[in-house]
Structures are given as structure tokens and as C-alpha cells.
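Remarks on the overall topology
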Amino acid sequence: MNTNDLIASLGADMTPVRPGLLTNGVMLGLAGGTALTAVLFALLWGVRSDPAAIYGNMPLLAKTLLPLALGAIALPWMLAQARPAGQSRTRHAIWALPAVLALLVAATLLTTPGPSWSMALQGKSIMTCLVSIPVLSAPILAALLVALRRGAPEHPMRCGMVAGLTAAGFAAAIYSLYCIENSPLFYGTWYTLAILGVAGVGAIAGRFALKW
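Residues numbered from 1 in each chain as written. Predicted model: local features only at pLDDT ≥ 70, side-chain atom pairs only at ≥ 80, totals over all residues. Heavy atoms only, no water.

1. A few points about the environment of alanine 172
Note the threshold: Strands here are runs of E lasting at least two residues and helices are runs of H or I lasting at least four, both read from the DSSP assignment and numbered beginning at the N terminus. Only protein chains enter the area calculation, which uses a 1.4 Å probe; residues under 20% of their type maximum are buried, those over 50% are exposed, and those in between are partly exposed. Any pair of residues with heavy atoms lying within 4.5 Å of one another is described as a contacting pair.
With respect to the helices and strands, alanine 172 occurs in helix α9 (residues 156-175). With relative accessibility at 0%, the residue alanine 172 sits in the buried group. When the C-alpha positions of alanine 172 and lysine 211 are compared, they lie 28 Å apart, and in sequence the two are 39 residues distant. Non-local contacts of alanine 172, meaning those with residues more than four positions away in its chain, are made with Pro67, Ile133, Tyr191 and Ile195.

2. A closer look at helix α2 (residues 21-44)
Rules: A helix is expected to reach a length of 1.5 Å times the quantity of its residues less one.
Here α2 is 24 residues long and its end C-alpha atoms lie 34 Å apart, about the 34 Å a rise of 1.5 Å per residue gives. Buried residues of α2: Leu22, Gly25, Val26, Gly29, Leu30, Gly33, Thr37 and Phe41, and no others. For α2, the secondary structure elements touched by its buried residues are α4 (58-81), α8 (126-148) and α9. Glycine 46, located one to two residues past α2, shows a positive phi value of around 90 degrees.

3. Concerning the packing of aromatic side chains
So the rule is basically this: Aromatic rings from Phe, Tyr and Trp, with only the six-membered ring used for Trp, were paired whenever their centres fell within 6.5 Å, and each pair was classed as stacked if the ring planes differed by under 30 degrees, edge-to-face if by over 60, and tilted otherwise.
Evaluation of the coordinates by the stated rule reveals 3 aromatic pairs. Between the aromatic rings of tyrosine 175 and tyrosine 178, the centroid separation amounts to 5.8 Å while the plane-to-plane angle is 45 degrees, which identifies the pairing as tilted. Look at tyrosine 175 and you get buried, because its relative accessible area is 0%. Residue classification places tyrosine 178 among the partly exposed residues on the basis of a relative accessible area of 29%. Taken together, the aromatic side chains of Tyr175, Tyr178, Tyr187 and Tyr191 make up a single cluster linked through ring pairs.

4. Side note on the nonpolar core
Just so we agree on the cut-off: To qualify as a nonpolar core, a set must consist of buried Ala, Val, Leu, Ile, Met, Phe, Trp, Tyr and Cys residues joined through side-chain atoms within 4.5 Å.
Among the nonpolar cores identified, the biggest contains 49 residues, and Val26, Met78, Leu148, Tyr175 and Tyr191 are the most heavily contacted of them. If you list the elements that add at least two residues to this core, you get α2, α4, α6 (96-111), α8, α9 and α10 (184-209). Here this core gets 11 residues from one element, more than from any other, and that element is α9. Not counting chain neighbours up to four residues away, the residues in contact with leucine 148 comprise Leu22, Val26, Met78, Ala82, Cys159, Ala163 and Leu210.

5. Here's the deal with the packing of α6 against α10
Defined as follows: Under this scheme, a helix contributes an axis fitted over its contacting stretch, all axes are lines through C-alpha atoms, and angles between N-to-C directions fall in the 0 to 180 degree range.
Where α6 meets α10, the closest approach of the two axes is 8 Å, and the angle between their N-to-C directions is 140 degrees. Facing Leu101, Leu104, Val105, Thr108 and Leu109 of α6, the residues of α10 in contact are Pro184, Leu185, Tyr187, Gly188 and Thr192.

Below is the structure:
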């Protein structure tokens, strides 16, 4: 058998991949994981008693909008990472989020008396935050990792990490509807640590689940 015949015989056994298979699978996984997280949130957490206060206070509204933006920006980056040599321009936009957060923290430090900084940072629910965001992220991250197995990431750990950022972003936005802490000093510190923790778990899981 010559080379051309070998290539032809190998190609004959290949089944074309339907366009959008990976993207549709990821979006379906995201929807399913988020729905499960929402049910879990409704059963075990619930919306804070004064939700109207969120909409009239920009620093408080940012507690929901920033993680939501993180999830939205990380999603196309994750899809790009799921393909060999995939590139996404949104990965650069993600740096705008810590910049906005830094501005909110700086404004809070300037307008809050020094003796109150420690109280604002510690709040009353550090452990609740650090536990809740990873727990709420778990269904979304698991669903994304299952869906991403349809892809072929060149760097499985990186793809898993970005999946963790995506899951944690949406989960933190949901958790923020329950969280009673209003200061950017609090959510800028503890939300960030919880989100980074989920990204780390995603990287470790991606190393094994997304290897091909």
C-alpha cells in the first residue's frame, strides 16, 4: 500500500464532527450546572432580606456584577482553550476586573475611617463565604469539565483553571445575593480567594479529566 492509499483508508474511517458540537455541549453543561447551583442556593441559602439595597448602591451592586463579568469573560476563553492552539481576545479583558475592584477598594479606604477598616475587612461571614462559593461552584465546574471532554485542549490544566474561573464567577454572583457583607474590602478579599481556590481545583481536575 502506498502513502496515498494509506491516507485514503485512514480518512475513510473518520466521522466528521458536527459544527458547534463543543460549544453547544459546554453551553448545555453551563446551563445545567447553573440550574443545579440555583436550586442548591434556594434550598440552603436564599436571597438576603433587603435585596432592594443592592440596586441603589454601586459598590454593593459591583459585588454581583464583577463576578458575573468574570464568568462571562472567562467563558469564551475557556472555549478557546478547549481547542488545540485556541486563542481568545477576552483573556486580556479579564484584567479590567481587578483594576475596577482595586478602584473600589481604594475609594472605600479613602471614605472609611481607619479604625473601621479591620471591621469592614473581617465582616461576620468569612468562613461562610470561603465555603459557599466553592460549594456553589462545584455543580457548574463538574458540568463544564464533562462537556469539555469533547474538546482537545492543548493545555488541560490551563483549560481546567479557566473552567474554574467561569464556574466560580457565576457561583459568586449567585452567592452575592445572599451575602450580607457590603464592603469592597470584604468581597474584594474573600471572594477573590474563594474564586482563586476554585480555579486551582479546576486546574488540578483538568489535568486528569481533560487529558487526551
